[in-house]
Amino acid sequence: MENIKFLNNLEISFSKNILNHLPTNSLGIYIHFPFCYKICFYCDFFKIKPYKTNLYLNNLINELLSSKNYLDNINYNLKEVNTIYFGGGTPNLLNPKNIDIILKIINKNFKISKNNEITIELNPELITKNYIKTLKEIGINRVSIGVQTFSLFGLRILGRTTDPNSIVSLIELTAKYFDNVSIDLIYLYPFQKIDSLIKDLEILKNLPINHISYYALDIYDDKKVIYHKFNTIIEEINKIQENFQVFYNIIHQYLEDLGFEHYEVSNFAKNKKYCLHNLRYWYYLDYLGFGPSAVSKLNINNKTIRITKKHINYFKNTTKENTFKETIKNIEEIDYITSLKEKIMLSLRTKWGIQIKYNNINYNFKVHPLKFIKLNSIIHKIYNKLNLN
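These numbers were taken from a predicted model, which means no experiment stands behind them.

### Some thoughts on the pairing of strand β5 (residues 112-122)
Looking along a regular strand, one sees the side chains alternate between the two faces of the sheet.
Phase 1: As judged from the five bridges shared by strand β4 (residues 80-88) and β5, these two strands associate in the parallel manner. For phenylalanine 86, the partnering residue across the bridge sits in β5 and is isoleucine 120.
Phase 2: The parallel pair β4 and β5, bridged by helix α3 (residues 96-109), forms a crossover whose chirality is right-handed.
Phase 3: Relative to strand β6 (residues 142-148), β5 is paired through four bridges, and the arrangement is parallel. When the sheet's bridge partners are listed, leucine 122 is paired in β6 with isoleucine 145.

### Concerning the environment of phenylalanine 110
Phase 1: Here phenylalanine 110 shows up in the loop between α3 and β5.
Phase 2: With 31 residues separating them along the chain, phenylalanine 110 and lysine 79 place their C-alpha atoms 8.1 Å apart.
Phase 3: Sequence-distant contacts of phenylalanine 110, defined by excluding residues within four places in its chain, comprise Leu27, Ile29, Ser67, Leu78, Val81, Leu288 and Phe290.

### Re helix α6 (residues 164-175)
Phase 1: Given a rise of 1.5 Å per residue, twelve residues ought to cover 16 Å, and the 17 Å separating the end C-alpha atoms of α6 matches this to within 8%.
Phase 2: Along α6, the residues classified as buried are Pro164, Ile167, Leu170, Ile171, Leu173 and Thr174.
Phase 3: Where α6 is buried, its residues meet α4 (129-137), β6, α5 (152-157) and β7 (181-187).
Phase 4: Near the N-terminus of α6, the side chain that reaches the backbone nitrogen of asparagine 165, with its oxygen 3.2 Å away, is that of aspartate 163.

### Concerning helix α13 (residues 375-385)
Phase 1: Those residues of α13 that sit buried are Leu375, Ile379, Ile382 and Tyr383. In a view along the axis of α13, the buried residues occupy a sector of 105 degrees, so they form one face of it.
Phase 2: Those residues of α13 that are buried are in contact with α12 (336-347) and β16 (361-365).
Phase 3: One or two steps after α13, the chain reaches asparagine 387, where phi turns positive at roughly 55 degrees.

### Focus on the pairing of strand β13 (residues 303-309)
Phase 1: Counting buried positions along β13 gives five out of seven residues, so the element sits mostly inside the fold.
Phase 2: Where strand β12 (residues 295-300) meets β13, six bridges bridge the pair, whose relative direction is antiparallel. Among the inter-strand pairings, serine 296 is bridged to a residue of β13, identified as isoleucine 307.
Phase 3: Where β12 folds back onto β13 in an antiparallel hairpin, the turn is made up of two residues, including asparagine 301, whose phi is positive at roughly 50 degrees.
Phase 4: Note that β13 and strand β14 (residues 328-334) share six bridges and pair antiparallel. Each bridged residue has a counterpart across the sheet, and for arginine 306 the counterpart in β14 is glutamate 332.

### Here's the deal with the nonpolar core
Phase 1: Counting 107 residues, the largest nonpolar core has Ile140 and Ile183 as its most contacted members.
Phase 2: Of the residues forming this core, the biggest block, six residues, is contributed by helix α2 (residues 53-73).
Phase 3: Ile157, Ile186, Tyr189 and Leu217 belong to the second largest nonpolar core, which has five residues in total.

### Topic: the pattern of salt bridges
When their charged atoms lie close together, side chains carrying opposite charge are able to pair.
Phase 1: Scanning all chains against the criterion turns up nine salt bridges.
Phase 2: Glutamate 261 is paired through a salt bridge with lysine 351; the nearest N and O atoms lie 3.1 Å apart. Note that glutamate 261 is positioned in strand β9 (residues 261-264) and lysine 351 in the loop between α12 and β15 (354-358), a separation of 90 residues in sequence.
Phase 3: Looking at glutamate 261, the relative accessible area reads 17%, which means it is buried.
Phase 4: With relative accessibility at 30%, the residue lysine 351 sits in the partly exposed group.
Phase 5: Notably, a salt bridge pairs arginine 349 with glutamate 264, separated by 2.6 Å at the nearest N-O pair. Residue arginine 349 is found in the loop between α12 and β15, and its partner glutamate 264 is found in strand β9; the two are separated by 85 residues along the sequence.
Phase 6: Its relative accessible area of 27% is what places arginine 349 among the partly exposed residues.

### Concerning the packing of aromatic side chains
Two descriptors summarise a pair of aromatic rings, namely the distance from one centre to the other and the angle between the planes of the rings.
Phase 1: Overall, the coordinates contain 15 aromatic pairs when judged by the stated rule.
Phase 2: Aromatic side chains tyrosine 187 and tyrosine 214 sit 5.5 Å apart centroid to centroid with 75 degrees between the ring planes, which places their arrangement in the edge-to-face category. Remark: tyrosine 214 occurs in strand β8 (residues 211-216) and tyrosine 187 occurs in strand β7; sequence separation between them is 27 residues. Comparing tyrosine 187 with tyrosine 214, the two get one shared label, buried.

### What to know about the side chain of arginine 280
Phase 1: Looking at the secondary structure, you find arginine 280 in helix α10 (residues 276-282).
Phase 2: Of the side chains with opposite charge, aspartate 286 comes closest to the buried, unpaired arginine 280, at an N-O distance of 6.8 Å.
Phase 3: Leave out the neighbours within four places in its chain, and arginine 280 touches Leu22, Ser26, Leu27, Gly28, Asn82, Thr83, Leu285, Asp286 and Tyr287.

Rules behind the numbers
- Residues numbered from 1 in each chain as written.
- Predicted model: local features only at pLDDT ≥ 70, side-chain atom pairs only at ≥ 80, totals over all residues.
- Heavy atoms only, no water.
- Pairing = 2+ DSSP bridges.
- Helix = DSSP H or I, 4+ residues; strand = E, 2+ residues; numbered from the N terminus.
- Right-handed = clockwise from strand over helix to strand, strands pointing away.
- Contact = heavy atoms within 4.5 Å.
- Expected span 1.5 Å × (residues − 1).
- Buried < 20%, exposed > 50% of the residue type's maximum accessible area, 1.4 Å probe, protein only.
- Polar contact = N/O pair within 3.5 Å; in protein donor to acceptor, adjacent residues only side chain to side chain.
- Arc of directions from axis to C-beta.
- Core = buried A, V, L, I, M, F, W, Y, C linked by side-chain atoms within 4.5 Å.
- Salt bridge = Lys/Arg side-chain N within 4 Å of Asp/Glu carboxyl O.
- Phe/Tyr/Trp six-rings, centres within 6.5 Å; stacked < 30°, edge-to-face > 60°.
- Lys, Arg positive; Asp, Glu negative; His and termini not counted.

Next comes the structure, spelled out in structure tokens:
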């Protein structure tokens, strides 16, 4: 274990399983590309249809170029970058030439690890052989494909226009160029039955992938969603929510039988191909966010700050040498107790958990994946034990 001291009577330790993959003195970079040709009703992230894309890209590039001066001014010592993540939105609406420009700027202005993980999210409907090949050539080494489901009915419910056979073919195409392929899947979408879930899981047997993010659709408490206007659909939604534990257990057992390690609430990996960038969030390590709605979290002289970005400023002219500062919406200094609670809450999302030494007593807090559903109540019990409430 590596100890991170906060107070004289309290120390936090991370598992060697984490530190072997992700040094605590490293930095991650997130690039947010907000554009989508179609807006999905279930997506919580900031997204818009293509609008002033050239101005956005110009501001994004200037934001990257001006970030070092801003970080110097707030006394942040740059750490080695070992994860870069292009998220969206739909990042594969970006021309690979622009992705290449962004990567070259990052390489020129930051210290880059030799083992850097560089991920891009892909909408399967836009995947082509030339695009995938070019991504590989410019240095992308991990892709995450937003599949959602292999059910034609489910795809239509979720507003997707592609078909399951095409998705499978495109995953196989992608795997010819990348040995680190992840897919996103959704369960508990309206009218999904257990047999449909199992059919999705069976398709995974022969897919050349080594990571799955499997998310429960969480729109059912949102009264803005159109489902709430129809009584029969509300009844169906209630049935689905009642089946949550059943669906979750089936997914856990089936993927473990296929050799996937259930290492985080919604994430499964083969051969330890974890998403290192997301591990950074769960273990409260430093990251810089660029683009609308992006967030940065940095530790500066034992103080933690969180920087959020303002959406609209990316679609107006900014000062080239000051773009990073001009796109800031808010800077929050996170107090010690809040940061401690966040570390506990986030790390317990993983199977390795966290170790806390408190008043000379060692507490090893971790949750079995099948107990992740009870995570909120477990977290509050820990807060009570440490007098954090």
